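Spelled out, the chains give:
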Amino acid sequence: MPKKSSLGRGLDALLKKPPEAQAPETAGVQMVRTEKIVRAAYQPRQVFEPEALAELAQSIREKGVLQPLMVRPRGDDFEIVAGERRWRASQLAGLTQLPVIIRDLSDREALEIAIVENLQREDLSPLEEARAYRTLMEQGLNQEGVAHAVGKGRSTVANALRLLTLPDAALRALEAGEISAGHARAILSQPEADRHWALEQVIRGKLSVREAEALRRAGLVRNVPDAPIAVQPPRPYRRIELDLSRKTGTRVRITGEDKGKVELGYGSREELERILDLLGYSAE
């Protein structure tokens, strides 16, 4: 079976409409005054680096806007569907008009296109991606529907959404770049009562993701905020456990050598379904 594209339908499929469905006045590129263009209510990308915007503004001064924005009508104005970074840089460059393609899109269609465009450009942070998926679910899609809409695997969507269950302090650390998404997933693999402790260990010890995945809190000091990292006796399959944990996004433990068991931990029915999906099984 051929492997599914990493972005499924992509922008071309999302935007494809039969010629008769396109009004003549909205089928092509038009010039619209900059002040008539407004930022999207559902823009998944929230952070725009000032230096990168300044560089793009200089490029626009020299060469103009090479790719039209996509917008949709909003009263007397036009709301950006794709191209907010170009719009911001064009304002810095002093442009009074911008090339746009006008499409009549629903909120959900506009959000799908905005997410896919940003994913293709790798512009979204892990939390921006997760929040965008959550917004699509608020539009009526389930996880499988979101995955199909943006061309991602269901497990990818589930893993992204799981980041939103981090403690507030961990969310702030991820947003600020103090920890990575890999660190965040390692923190989520801890028992809920230990997640603040794990965050402190990761930041204070400047742990790698692999080291964060190996964190285990000593049971006798579970209620001590600055408890040391528990030293575990070596186990023959530790490296395999860590590798399986990364692949499944959950804690894996192998006990015994000649006899034993392989344990995969999960904290909710949704997480169990995600693990079963990774293994090629359905919960139904």
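The numbers attached to residues start from 1 for each chain and follow its sequence in the written order. Where local features are concerned, this predicted model is filtered to residues with pLDDT of at least 70; where side-chain atom pairs are given and counted, the filter is 80 or more; whole-chain, interface and lining totals use all residues. Derived side-chain values reflect all non-hydrogen atoms in the structure, with water molecules and hydrogen atoms excluded from consideration.

Selection rule: UniProt positions are given in the numbering used here, feature names are shortened, and annotations may be inferred rather than shown by experiment.
What the UniProt record of the protein chain gives under Sequence similarities (unreviewed entry) is the line "Belongs to the ParB family."

### Examining helix 8 (residues 168-175)
Spelled out, the test is: The classification of residues rests on relative accessible area computed with a 1.4 Å probe and restricted to protein chains. Under 20% of the type maximum is buried, over 50% is exposed, and intermediate values are partly exposed. We count a stretch as a helix when DSSP gives it H or I for four or more residues in a row; a strand needs E for two or more, and each element gets its number in order from the N terminus. The arc in question is traced by the directions running from the helix axis to the C-beta atoms.
Buried within helix 8 are the following residues: A170, L171, A173 and L174. Viewed end-on, helix 8 has its buried residues packed into an arc of 165 degrees, placing them on one side of the element. Exposed residues on helix 8 whose side chains face more than 90 degrees from its buried face are D168 and R172. The first or second residue beyond helix 8 is G177, which carries a positive phi of 80 degrees.

### Points about the nonpolar core
Heads up, the condition is: For our purposes a nonpolar core is just a set of buried Ala, Val, Leu, Ile, Met, Phe, Trp, Tyr and Cys residues, chained together by side-chain atoms within 4.5 Å.
Core analysis: the largest hydrophobic core is formed by 35 residues, its most contacted members being Y133, L166 and I179. Of all elements in the fold, only helix 4 (107-120), helix 5 (126-138), helix 6 (143-150), helix 7 (154-162), helix 8, helix 9 (181-188) and helix 10 (195-205) reach the threshold of two or more residues within this core. Ranked by the residues each element gives to this core, the list is headed by helix 5, at five residues. L69, V71, A89 and V100 belong to the second largest nonpolar core, which has 17 residues in total.

### With respect to the pattern of salt bridges
What counts, and what does not: Any carboxyl oxygen of Asp or Glu that lies within 4 Å of a side-chain nitrogen of Lys or Arg is treated as forming a salt bridge with it.
A full pass over the atoms with the stated rule returns ten salt bridges. The closest approach of N and O atoms between K63 and E62, which form a salt bridge, is 3.8 Å. Assigned by exposure class, K63 and E62 land together as exposed. Between E79 and R72 there is a salt bridge; the shortest N-O distance is 2.7 Å. In this structure, E79 and R72 share a single accessibility class: buried. A network of salt bridges, in which partner residues are shared, links R72, R74, E79 and D107.

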